[in-house]
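Survey of secondary and tertiary structure
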Amino acid sequence: IRELREKIANYYNTLYREHKSSQYTYENVCVVPGGRAGLTRVMAALGDISVGFFTPDYTAYQQALGLFSRITPSVLLHRNVNEPLMASSDFRFEAGGRGLGAMLLSNPANPTGQSIEGDELESYVEIAR
């Protein structure tokens, strides 16, 4: 499996991190048999934390968040299914006001298919950091 993880890391480095000083290694890659298994593994690695997620979104989010007593789920409403989630300024307000330590989101959003791109996506990443 290490060889597979190395190939995945190299693929992502080539596709997304070509001119970045930090590069992924096999230690940054986890191979799981599906989305729910992956989410459960991520949740198990978190400590006491408030985790935000949009609704509607992937139903496994709410299920995975409910499995661990250390995690406090926090729902952010997807106000308009015809718009990509919420403006980053609203996201900053919601995340800060709720004291979120982590955020789960699908991009593109599931089930709406709307996506966050460009400057708006950069803002979301900056806020999450």
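See the structure shown above.
For every chain, the first residue of its written sequence is number 1, and the numbers climb from 1 along that sequence. Per-residue local features of the predicted model are confined to residues with pLDDT of at least 70, and side-chain atom pairs are confined, for both listing and counting, to 80 or more; whole-chain, interface and lining totals are unaffected and use all residues. Side-chain measures were taken over the full set of non-hydrogen atoms in the model, leaving aside hydrogen atoms and water.

Observations regarding the side chain of R17
Strands are runs of DSSP state E lasting at least 2 residues, helices are runs of H or I lasting at least 4, and numbering of each runs from the N terminus. For R17, the location among the structural elements is in the loop between α1 (2–16) and α2 (35–45). Per-residue accessibility, obtained with a 1.4 Å probe over protein chains only, is compared with the maximum for each type, and a residue is labelled buried under 20%, exposed over 50%, and partly exposed between these values. By the counting scheme adopted, Arg and Lys are positive, Glu and Asp are negative, and His together with the chain ends is not counted. The working definition used for a salt bridge is a side-chain nitrogen of Lys or Arg within 4 Å of a carboxyl oxygen of Asp or Glu. No salt bridge is formed by the buried R17; its nearest oppositely charged neighbour, E18, is found at 12 Å. In this description, contact between two residues means that some pair of their heavy atoms is separated by no more than 4.5 Å. Not counting chain neighbours up to four residues away, the residues in contact with R17 comprise Y12, S22, Q23 and Y24.

Some words on α2
Turning to α2, its buried residues number three or more, namely G38, L39 and M43. Mapping the buried residues of α2 onto a view down its axis gives an arc of 135°, with all of them on the same face. The exposed set on the far side of α2, more than 90 degrees from its buried face, consists of R41 and A45. Residues of α2 that are buried make contact with α3 (59–65), β2 (71–77) and β3 (102–104). The arc in question is traced by the directions running from the helix axis to the C-beta atoms.

As for a nonpolar patch on the surface
On the surface, Y11, Y12, L15, Y16 and Y24 cluster together to form a nonpolar patch covering roughly 560 Å² of accessible area. As for its position among the elements, Y16 is in helix α1. By relative accessible area, which is 53% here, Y16 ends up exposed. Without a salt bridge and with relative accessible area above 30%, a residue can belong to a patch; like charges are then joined within 9 Å and nonpolar side chains (Val, Leu, Ile, Met, Phe, Trp, Tyr) within 5 Å. In this description, accessible areas are obtained by the Shrake-Rupley approach with a 1.4 Å probe, and a residue is regarded as covered only by the protein chains that are shown.

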